[in-house]
Amino acid sequence: MNRHGHPDFSLHPLHPVHDFHHKGEPNLPDYCNHLVLHHHRLPSHFPLRSFSSEKEALSARLEEGVHNNGNLILLTPKGTRWAFHFAETPKLAPKVVVGKGFEQDGWGDVAVPSAWETQGYGQALYTNFQYPFKVDPPLVPDGMNHVGSYQTSFQVPSEWAGRRVILRFEGVSSAFYCWVDGRPAGYSQDSRLDAEFDLTDLVGAGREHSLSLRVYRFCDGSYLEDQDMWWLSGVHRDVILYSKPAKAHLWDVHAQPEVHVPAGKGGCREAPADLRVCVDVGSTEVGWGDLPQVCSVSMSLFGPHRMA
């Protein structure tokens with residue numbers, strides 16, 4: 001914890017030591033600091049799913065949502081409940097114990113994903129053009145900034161030894177810290193975008209680990225997210241643990257089709273096209289400058305019914 005009573009990620013040996021609070025905003029916690037959006041969150045990318053073979057990829061029913069495979073574990077299947085603690089203000093939120101996580105004495109539980117207001121904690125708010133709190137950006141009042149603390153456990157498959165392990169949150173409102181075994185994994189805010197953290201150096205293959213979250217109802221980003229809506233809080237979308245090869249793996253794909261319609265035939269149903277594809281390759285073992293020398297990428301294009 002830092003001198004303001006908030007998580008201090010600079011103390012973790014796996015992360016570089018630097019001041020997460022801007023010099024001009026020394027007294028603001030992350031969730032009220034407009035100069036802080038995240039700590040150790042990986043760059044956003046297209047939500048790729050990896051498979052062990054082409055046959056496995058073609059048989060996957062992506063339209064039915066996320067399903068476990070050899071490289072992916074859905075931590076929030078239907079019926080999932082995580083241990084939960086509700087605090088009226090940030091100062092009343094439980095502390096994290098290094099090497100363990102939260103002490104869960106007297107905790108309840110909630111469905112995940114869900115909004116905690118639908119689980120009997122706090123109260124949902126509806127606004128159309130007014131803010132639900134005093135307008136004083138980037139500050140949000142602690143007196144009504146409820147905090148939900150979550151805890152669960154997960155096991156890393158032994159088959160993932162030597163691979164990169166990534167934790168993905170598909171939606172958390174509105175800001176949150178994440179710990180693994182009481183050790184900081186990251187911080188993120190943006191209620192409708194994914195947040196991913198690299199857990200490779202925090203977990204071990206074949207081992208069980210605790211996952212702890214501290215979620216804030218409001219943050220400075222709430223000034224931008226305000227609209228005609230219900231204000232709901234918590235882990236409201238799926239949480240996924242997945243693995244990629246450490247040496248080299250696809251990180252992002254950008255595809256741009258160019259259709260060549262013959263002049264005067266704008267209504268034609270068929271026309272030749274080019275597909276330009278840019279691929280970002282990630283690695284935890286090889287420097288970026290060396291990647292073109294050690295790997296290559298090949299592609300196959302399949303239609304809507306997985307036909308070549």
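Residues numbered from 1 in each chain as written. Predicted model: local features only at pLDDT ≥ 70, side-chain atom pairs only at ≥ 80, totals over all residues. Heavy atoms only, no water.

Enquirer: What am I meant to see in the side chain of Thr80 here?
Expert: Of note, Thr80 is situated in the loop between strand 2 (72–74) and strand 3 (81–87). Its relative accessible area of 13% is what places Thr80 among the buried residues. Among the polar contacts made by the side chain of Thr80, one reaches the main-chain carbonyl oxygen of Pro77 at a distance of 2.6 Å. When sequence neighbours within four positions are dropped, the list of residues in contact with Thr80 reads Leu75, Val110, Ala111 and Val112. (Helix = DSSP H or I, 4+ residues; strand = E, 2+ residues; numbered from the N terminus. Buried < 20%, exposed > 50% of the residue type's maximum accessible area, 1.4 Å probe, protein only. Polar contact = N/O pair within 3.5 Å; in protein donor to acceptor, adjacent residues only side chain to side chain. Contact = heavy atoms within 4.5 Å.)

Enquirer: For this particular structure, what's the right way to read the packing of aromatic side chains?
Expert: Any two aromatic rings considered together are summarised by their centre-to-centre distance and by the angle between their planes. In total, this model carries 22 aromatic pairs according to the counting rule given. Measuring from centroid to centroid gives 4.4 Å for Tyr31 and Tyr216, while their planes differ by 25 degrees, and the two rings are stacked. Of the two residues, Tyr31 is situated in the segment before strand 1 (38–39) and Tyr216 in strand 14 (residues 208–216); the sequence distance between them amounts to 185 residues. Look at Tyr31 and you get buried, because its relative accessible area is 0%. Classification of Tyr216 as buried rests on a relative accessible area of 1%. Measuring from ring centre to ring centre gives 6.4 Å for Trp82 and Tyr150, while their planes differ by 85 degrees; the resulting arrangement is edge-to-face. Of this pair, Trp82 sits in strand 3 while Tyr150 sits in strand 8 (residues 147–155); the two residues are 68 residues apart in sequence, bridging distant segments of the chain. Linked through ring pairs, Tyr31, Phe102, Trp107, Tyr177, Trp179, Tyr187 and Tyr216 together constitute an aromatic cluster. (Phe/Tyr/Trp six-rings, centres within 6.5 Å; stacked < 30°, edge-to-face > 60°.)

Enquirer: Even after reading the chapter, I still don't get a nonpolar patch on the surface, so can you show me in this structure?
Expert: There is a patch of nonpolar side chains on the surface, built from Tyr126, Trp230 and Leu232 and spanning about 340 Å² of accessible area. Within the secondary structure, Leu232 sits in the loop between strand 15 (229–231) and strand 16 (234–235). (Patch = residues over 30% accessible without salt bridge, like charges linked within 9 Å, V, L, I, M, F, W, Y side chains within 5 Å. Areas by Shrake-Rupley, 256 points an atom, 1.4 Å probe, with all protein chains shown as cover. Salt bridge = Lys/Arg side-chain N within 4 Å of Asp/Glu carboxyl O.)

Enquirer: I would appreciate a short explanation of unusual backbone geometry in the present structure.
Expert: A cis amide bond links Pro137 to the next residue, Pro138, at an omega of 5 degrees. Here His40, not a glycine, exhibits a phi torsion of approximately 65 degrees, which is positive. Position of His40 among the secondary structure elements: in the loop between strand 1 and helix 1 (54–59). Owing to a relative accessible area of 24%, His40 belongs among the partly exposed residues under this scheme. Positive phi outside glycine occurs at Asp190, with the angle close to 145 degrees. Following the sequence through the fold, Asp190 ends up in the loop between strand 12 (183–189) and strand 13 (195–198). Using a relative accessible area of 31% as the deciding quantity, one classes Asp190 as partly exposed.

Enquirer: In this structure, what is going on with the sheet that holds strand 9 (residues 163–169)? I would like to understand it.
Expert: Strand pairing in a sheet relies on backbone hydrogen bonds, with the paired strands running either antiparallel or parallel. Pairing within the open sheet is antiparallel, and its four strands lie in the order 2-17-9-13. For this open sheet the edge positions go to strand 2 and strand 13, each flanked by a neighbour on one side alone. On average, each strand axis in the sheet is tilted by 20 degrees relative to the strand beside it, whichever way the strands run. Pairing of strand 2 with strand 17 (residues 239–245) involves three bridges; the strand directions are antiparallel. (Pairing = 2+ DSSP bridges. Axes fitted to C-alpha atoms, helices over the stretch in contact; angles between N-to-C directions.)

None of the figures reported here should be taken as evidence of function without further support.
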